[in-house]
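A look at the structure
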Amino acid sequence: MSTKKLTKKQELFVSEYLIDLNATQAAIRAGYSKKTACETGNENLRKPIIQDAISKAQNKRLEKNEVNADYVLKRLIEIDEMDVVDILDDGGHIKPITQWPKSWRRTISGLDIQELMMGEVETVLRKIKWPDKVKNLELLGKHIDVQAFKEKREVEGELTVNNLIAEISESNGETRAVLPKHAK
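This one's a predicted model, so the numbers in the text were calculated from it and none came from an experiment. (Residues numbered from 1 in each chain as written. Predicted model: local features only at pLDDT ≥ 70, side-chain atom pairs only at ≥ 80, totals over all residues. Heavy atoms only, no water.)

1. Description of the overall build of the chain
When helices and strands are tallied, the chain shows eight helices and two strands. Along the chain, from the amino end to the carboxyl end, the secondary structure elements read α-α-α-α-α-α-β-β-α-α. Excluding contacts between residues fewer than 6 apart, the proportion of contacts in the chain whose partners are at least 24 apart in sequence is 37%. For the chain, the accessible area works out to roughly 14600 Å², and carbon and sulfur atoms hold 53% of it. (Helix = DSSP H or I, 4+ residues; strand = E, 2+ residues; numbered from the N terminus. Contact = heavy atoms within 4.5 Å. Areas by Shrake-Rupley, 256 points an atom, 1.4 Å probe, with all protein chains shown as cover.)

Dropping the structure here:
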């Protein structure tokens with residue numbers, strides 16, 4: 001069994017590909033011709049030796065950064081449990097950012113603070129953009145496979161279009177005509 005090794009250029013391609021997962025740009029940065037970079041990048045991605053090197057490098061990076069399914073699940077739960085009360089003081093005013101829980105500081109997607117003058121009165125408008133909680137719950141449901149967003153139907157017996165239509169109609173309380181069977 002012969003064990004092929006990556007060429008220096010292929011090794012560089014793998015390293016560059018991991019930056020942005022763009023094969024064309026990785027080929028250019030690795031020193032391949034700009035004219036043929038698209039074809040070369042795609043060709044490289046089809047080579048088993050390069051696929052293996054990319055996979056190993058990605059796994060090494062995940063292990064190094066400790067990003068795994070448990071991390072994703074913990075972060076999703078953390079986002080789901082975020083409560084606006086955590087960043088408000090007893091008077092209902094927003095606490096200084098340094099007093100916010102870590103989950104808030106690393107999860108919000110934006111913070112707008114505007115000072116407005118209305119005649120003699122100065123008003124401060126604060127907008128906090130936080131994660132989409134519904135999307136987060138959907139991701140959480142998919143992650144732990146609760147299937148909260150999918151309908152499941154159990155059907156026993158021979159599966160034909162007629163049986164399937166009848167089963168769906170019965171479960172919905174509807175009456176539908178069943179398609180006639182075609183003669184063979």
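Resuming the write-up.
2. Thoughts on the packing of aromatic side chains
Here the structure, examined in full by the defined rule, presents two aromatic pairs. Over the ring of Tyr32 we find Lys9; its NZ or CZ atom is 4.9 Å from the centre of that ring. (Phe/Tyr/Trp six-rings, centres within 6.5 Å; stacked < 30°, edge-to-face > 60°. Lys NZ or Arg CZ within 6 Å of the ring centre and 35° of its normal.)

3. So, the side chain of Thr107
Summarising the element assignment, Thr107 is placed in the loop between helix 6 (102–105) and strand 1 (110–118). Assessed through its relative accessible area of 12%, Thr107 is described here as buried. Among the polar contacts listed, one links the side chain of Thr107 to the side chain of Arg75, at a separation of 3.4 Å. In contact with Thr107, other than residues within four places in its own chain, are Arg75, Ile79, Met82 and Pro131. (Buried < 20%, exposed > 50% of the residue type's maximum accessible area, 1.4 Å probe, protein only. Polar contact = N/O pair within 3.5 Å; in protein donor to acceptor, adjacent residues only side chain to side chain.)

4. Digging into the nonpolar core
Core analysis: the largest hydrophobic core is formed by 14 residues, its most contacted members being Phe13, Val14, Tyr17, Ile50 and Ile54. Mapped by element, the contributors of at least two residues to this core are helix 1 (8–20), helix 2 (23–29) and helix 4 (48–65). Broken down by element, this core gets its largest block of residues, four residues, from helix 1. Residues within four places of Ile54 in sequence aside, it is in contact with Val14, Tyr17, Leu18 and Leu45. Membership of the second largest hydrophobic core comes to six residues, among which are Ile87, Trp100, Trp104 and Ile108. (Core = buried A, V, L, I, M, F, W, Y, C linked by side-chain atoms within 4.5 Å.)

5. A closer look at the pattern of salt bridges
When the charged atoms of two side chains lie near each other, side chains of opposite charge can form a pair. Counted under the stated rule, the structure contains seven salt bridges. Residue Arg29 pairs with Glu16 through a salt bridge whose shortest N-O separation is 2.6 Å. Here the residue Arg29 occupies a position in helix 2, and Glu16 occupies one in helix 1, the gap between them amounting to 13 residues. The buried category is assigned to Glu16, whose relative accessible area is 15%. A salt bridge links Asp20 to Arg29; the nearest nitrogen and oxygen atoms lie 3.2 Å apart. Connected through shared salt-bridge partners, Glu16, Asp20 and Arg29 make up one network. (Salt bridge = Lys/Arg side-chain N within 4 Å of Asp/Glu carboxyl O.)

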